[in-house]
Amino acid sequence: MEKWMESLKRGIYQTFLLDDNYQYFVRGIQITLAVTALALILGLVLGVLLAVIRSAHDQQPSGRRKNPLLGVFNWIAKLYITVIRGTPTMVQLLIMWFVVWSSARATDGNMIRCAVVTFGINSGAYIAEIVRSGIMSIDPGQMEAGRSLGLGYATTMRCVIIPQAFKNILPALGNEMITLLKETSIVTVIGLKDLTKGAMIVQGKTFQAFVPYFAIAAIYLAMVMILSWLMGRLERRLRASDRR
């Protein structure tokens, strides 16, 4: 036991204090959170746009002629969602970096932009279905009421439907955000020095695997717990506002 404790102390020292190795973890956390936040914003924009297109197409009156332009957009949205959800995220990241970004220099800025675009596009496909389910859960009378008051379709959707849908889909959006945070660890395959890559660099320098990898596992767990707590508070606040 005493020998194991000495080995652990040495591992902690080499992982965090030797040559200021802790900076790899600090920098890695910053990159991981930046990629997650920016990708989530991009995913929300894409997801809401696709969800509105798909729900507008599905809610067209059955007895009337369908809007052909809306049908084309709906087909493109379904194709996008099917392809993105049907292929691994790592494969999408490799294609984005080695094919789309093939002419770019391997700098942190280019790799971050590539990761944000990849994860944003990937997350958008999942968020689109989450948001669409929330929109479809709202009583159709809400849309009819908004239109009867003289509001346009886009205004009714923005001011009436989506705010109500958001409350219904908040737990699912929280899960998607947590999944996105953990999935960013695969950016190591393109060389981006995120949290996981930082631990790999430290492990290569010190030949210590136990402390670096358990450390990033604890850090990821802490970040997920904080996000879960924040989402729980937001849910409780929204429920409280409904009761007023």
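Above this text sits the structure in question.
Residues numbered from 1 in each chain as written. Predicted model: local features only at pLDDT ≥ 70, side-chain atom pairs only at ≥ 80, totals over all residues. Heavy atoms only, no water.

An account of the nonpolar core is requested, with residue identities and associated values reported.
Membership of the largest hydrophobic core comes to 35 residues, with the highest contact counts inside it found for Val35, Phe119, Ile135 and Leu192. Those elements giving two or more residues to this core turn out to be helix H2 (22-58), helix H4 (89-100), helix H5 (108-136), helix H7 (153-183) and helix H9 (210-243). If you tally residues by element for this core, the top one is H5, at 9 residues. Among residues more than four places away in sequence, those in contact with Ile135 are Ala51, Val52, Ser55, Gln59, Met157, Ile161 and Ala165. One finds Phe25, Ile178, Val202 and Ala215 within the second-largest nonpolar core, a separate group that totals 11 residues. (Core = buried A, V, L, I, M, F, W, Y, C linked by side-chain atoms within 4.5 Å. Buried < 20%, exposed > 50% of the residue type's maximum accessible area, 1.4 Å probe, protein only. Helix = DSSP H or I, 4+ residues; strand = E, 2+ residues; numbered from the N terminus. Contact = heavy atoms within 4.5 Å.)

Go over the environment of Gly191, please, and point to the residues and values.
Tracing the backbone shows Gly191 in the loop between H7 and helix H8 (195-206). For Gly191, a relative accessible area of 25% puts it in the partly exposed group. Taking the C-alpha atoms as reference points, Gly191 and Leu69, separated by 122 residues in sequence, lie 42 Å from one another.

Mind laying out a nonpolar patch on the surface, listing which residues take part and the relevant values?
Together, Met90, Val91, Leu94, Ile95, Phe98, Val99, Val100 and Val189 give the surface a local cluster of nonpolar side chains, amounting to about 660 Å² of exposed area. Take Met90: it is sitting in helix H4. Since its relative accessible area comes to 36%, Met90 is described here as partly exposed. (Patch = residues over 30% accessible without salt bridge, like charges linked within 9 Å, V, L, I, M, F, W, Y side chains within 5 Å. Areas by Shrake-Rupley, 256 points an atom, 1.4 Å probe, with all protein chains shown as cover. Salt bridge = Lys/Arg side-chain N within 4 Å of Asp/Glu carboxyl O.)

Quick one: what's the story with the side chain of Asn110, residue by residue and with numbers?
On the secondary structure map, Asn110 appears in helix H5. A polar contact is formed between the side chain of Asn110 and the backbone oxygen of Arg105, at a distance of 2.8 Å. Apart from residues lying up to four places away in sequence, Asn110 is in contact with Trp97, Trp101, Ala104 and Arg105. (Polar contact = N/O pair within 3.5 Å; in protein donor to acceptor, adjacent residues only side chain to side chain.)

Give me the lowdown on the layout of surface pockets, citing residues and values where you can.
Its boundaries defined by the atoms lining it, the largest pocket holds a volume of some 460 Å³. Lining the largest pocket are 18 residues, and of these Ala56, Gln59, Gln60, Pro61 and Tyr153 lie nearest its centre. Sort the elements by how many residues they give to the lining of the largest pocket and helix H6 (residues 140-148) lands first, with 4 residues. Considered as a void within the structure, the second largest pocket measures approximately 220 Å³ in volume. Considering the residues around the second largest pocket, the lining is formed by 15 residues, among which Leu44, Phe166, Ile169, Leu170 and Leu173 are closest to the centre. Residues belonging to the lining of the second largest pocket are distributed by class as follows: 14 nonpolar, 1 polar and no charged. (1 Å grid on protein atoms, 1.4 Å probe; cavity = no way out; pocket = protein on both sides within 12 Å on 5 of 7 lines; lining within 4 Å. Points joined across faces, edges and corners; volume = space filled by probe spheres on them. Nonpolar A, V, L, I, M, F, W, Y, C, P; charged D, E, K, R; others polar.)

Before we move on, can you summarise unusual backbone geometry with the specific residues and values?
Even without being glycine, Asp19 reaches a positive phi, approximately 55°. Mapping Asp19 onto the fold places it in the loop between helix H1 (2-17) and H2. The exposure class assigned to Asp19 is exposed, which follows from its relative accessible area of 57%. Positive phi outside glycine occurs at Asp20, with the angle close to 55°. Examined against the element boundaries, Asp20 turns out to sit in the loop between H1 and H2.

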